[in-house]
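Given next are the chains, with one letter for each unit.
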Amino acid sequence: VFLSVMGLLTGCAASGPKFAEVMKQTPPLTETQVRVVFLRPNNRYDDYSASKALIRVNDQKPGGLEYGGFLMTDVAAGAVTASTSAWNPLHSPFIGSCTLHLQVSAGTTVYLDVVPRTANVVAGFVGAVVGFALVGALLPTTYGVGEVGQSIVASGAAGAAGAAGAAGATIVTSAESAGKTCGGAFRLALLNPQDAVSQLENLSSSQ
């Protein structure tokens with residue numbers, strides 16, 4: 001939980017050009033293309049604010065979407081499959097992802113909000129609490145003061161508890177997302193253009 005809060009304070013925030021600047025340099029769509037724009041506003045709680053949301057559109061991987069940023073890509077019109085998941089250093093298939101299938105006409109711009117999934121956030125909190133509790137029950141509850149050996153034990157205990165909390169969160173969030181078309185840390189929400197553009201004014205390009 002502490003790490004999540006710190007992520008909000010020191011997270012990996014987007015720092016590229018603003019949307020209006022990017023659009024001035026972006027060529028118009030061709031007659032056979034559609035544009036997919038992903039938004040990740042920084043005005044709401046995001047348990048993964050310290051890392052990027054991984055984005056995929058059809059067979060393309062436009063990149064990672066940073067907290068407070070936007071990311072866009074142009075693809076062929078027709079059937080469009082967009083998906084997102086949390087950054088996963090182990091490339092585990094059990095973390096979960098959210099997939100959205102759309103049918104989009106040529107010349108259209110689609111705006112997709114990358115929204116934190118409440119169920120996943122709650123599951124992660126519960127898993128972390130359970131992990132901390134299990135380790136806490138196995139570790140000594142009192143420590144001496146000023147003795148090097150005991151200081152080392154205390155540090156080791158804190159590290160073990162932190163690792164157990166992270167492991168517990170991962171296990172429970174993985175279980176929560178198992179078998180779901182829209183699982184994992186985020187969900188994709190289709191925005192109307194007017195709402196999307198008003199939000200994009202305050203967002204930076206994700207590098």
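To keep things clear, this report deals only with the structure shown in the data block.

Calculation rules
Residues numbered from 1 in each chain as written. Predicted model: local features only at pLDDT ≥ 70, side-chain atom pairs only at ≥ 80, totals over all residues. Heavy atoms only, no water. Helix = DSSP H or I, 4+ residues; strand = E, 2+ residues; numbered from the N terminus. Buried < 20%, exposed > 50% of the residue type's maximum accessible area, 1.4 Å probe, protein only. Phe/Tyr/Trp six-rings, centres within 6.5 Å; stacked < 30°, edge-to-face > 60°.

1. Focus: the overall build of the protein
- Within the protein, the regular secondary structure consists of five helices and nine strands.
- Evaluated residue by residue, the protein yields a buried proportion of 40% over its 207 residues.

2. A closer look at the packing of aromatic side chains
- Per the counting criterion, the structure on display carries two aromatic pairs.
- Where Phe19 meets Phe70, the ring centres are 5.2 Å apart and the plane angle is 85°; that geometry is what we call edge-to-face. In this pair, Phe19 is assigned in helix 2 (residues 19–24) and Phe70 in strand 4 (residues 69–76), connecting sequence segments 51 residues apart. Across the pair, exposure class does not vary: Phe19 and Phe70 are buried alike.
- Pairing Tyr48 with Phe186 gives two aromatic rings, centres 6.0 Å apart and planes at 55°, and the pair type is tilted. Pair noted here: Tyr48 is in the loop between strand 1 (33–40) and strand 2 (53–57) and Phe186 is in strand 8 (residues 186–191), with a separation of 138 residues, a long-range link.
- The class for Tyr48 is partly exposed, based on a relative accessible area of 23%.

3. Focus: the environment of Asn202
- Position of Asn202 among the secondary structure elements: in the loop between helix 5 (193–200) and strand 9 (204–205).
- Linking Asn202 and Gly68, residues 134 residues apart in sequence, is a C-alpha distance of 8.2 Å.

4. Description of unusual backbone geometry
- Its identity as a non-glycine residue notwithstanding, Asn58 has a phi of 50°, on the positive side.
- In this fold, Asn58 is placed in the loop between strand 2 and strand 3 (60–65).
- The class for Asn58 is partly exposed, based on a relative accessible area of 29%.

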